[in-house]
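If you want the building blocks of each chain, they are given just below.
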Amino acid sequence: MRTVELKDITAEGWVCRTCDAPLQRLPVDITYMGSLFRVELPCCPQCGFTFIPPELAEGKMQEAEKILEDK
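Residues numbered from 1 in each chain as written. Predicted model: local features only at pLDDT ≥ 70, side-chain atom pairs only at ≥ 80, totals over all residues. Heavy atoms only, no water.

Asks: If you had to explain the environment of P42 to someone new, which residues and values would you point to?
Replies: One can find P42 in strand 3 (residues 35-43). Sequence separation between P42 and L26 is 16 residues, and the spatial gap between their C-alpha atoms is 6.4 Å. If near-sequence neighbours (up to four positions away) are discounted, P42 is found in contact with I9, T10, A11, L23, Q24, R25, F49, T50 and F51. (Helix = DSSP H or I, 4+ residues; strand = E, 2+ residues; numbered from the N terminus. Contact = heavy atoms within 4.5 Å.)

Shown next, in the form of structure tokens:
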């Protein structure tokens, strides 16, 4: 498993719609194309909902997808 550090992703100001709890940066395991990555993302400490910000989904994730697909 690879650990990926995303310092520019913050949980500040985000609240879980279901639990009304402030999101916290927590370690999350993400699987993509057979590779496992651990990243800290904004998550609800009560229900586990994980928020993937658009800039991550549309930017860094697309970069990682291209790298993995090219291998």
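From this point, things continue past the structure.
Asks: Can you lay out the environment of L41 for me, pointing to particular residues and giving the numbers?
Replies: Checked against the element boundaries, L41 lands in strand 3. Residue class for L41 comes out buried when judged on its relative accessible area of 0%. (Buried < 20%, exposed > 50% of the residue type's maximum accessible area, 1.4 Å probe, protein only.)

Asks: Explain the nonpolar core to me, and be specific about the residues and the numbers.
Replies: Core analysis: the biggest nonpolar cluster contains 7 residues, these being I9, V28, I30, V39, L41, C43 and L56. At the level of elements, strand 2 (24-32) and strand 3 are the ones that each hand at least two residues to this core. Residue contributions to this core peak at 3 residues, all from strand 3. Counting 6 residues, the second-largest nonpolar core is a separate cluster that includes C16, A21, L23 and F51. (Core = buried A, V, L, I, M, F, W, Y, C linked by side-chain atoms within 4.5 Å.)

Asks: Tell me what's going on with the packing of aromatic side chains, and back it up with residues and numbers.
Replies: All chains considered together, the criterion is met by 1 aromatic pair. Taking the centre distance of 4.4 Å and the plane angle of 35° together, the rings of W14 and F51 count as tilted. Note that W14 is positioned in the loop between strand 1 (2-4) and strand 2 and F51 in the loop between strand 3 and helix 1 (54-70), a separation of 37 residues in sequence. On the basis of relative accessible area, F51 is assigned to the buried category, the value being 17%. (Phe/Tyr/Trp six-rings, centres within 6.5 Å; stacked < 30°, edge-to-face > 60°.)

Asks: Go over the pattern of salt bridges with me, naming the residues and quoting the values.
Replies: As enumerated under the stated definition, the model contains 2 salt bridges in all. Of the charged contacts in the structure, one is a salt bridge between E40 and R25, with a shortest N-O distance of 3.3 Å. One end of the pair, E40, is in strand 3; the other, R25, is in strand 2, with 15 residues separating them in the sequence. The class of R25 is partly exposed, set by a relative accessible area of 29%. The residue D29 makes a salt bridge to R38 at a minimum N-O spacing of 2.8 Å. Taking the relative accessible area as the measure of exposure, D29 reaches 40% and is therefore partly exposed. (Salt bridge = Lys/Arg side-chain N within 4 Å of Asp/Glu carboxyl O.)

Asks: Got a sec to walk through unusual backbone geometry? Specific residues and values, please.
Replies: Positive phi, close to 60°, is recorded for D20, a residue that is not glycine. With respect to the helices, strands and loops of the structure, D20 is situated in the loop between strand 1 and strand 2. Exposure remark for D20: the relative accessible area of 62% places this residue in the exposed category.

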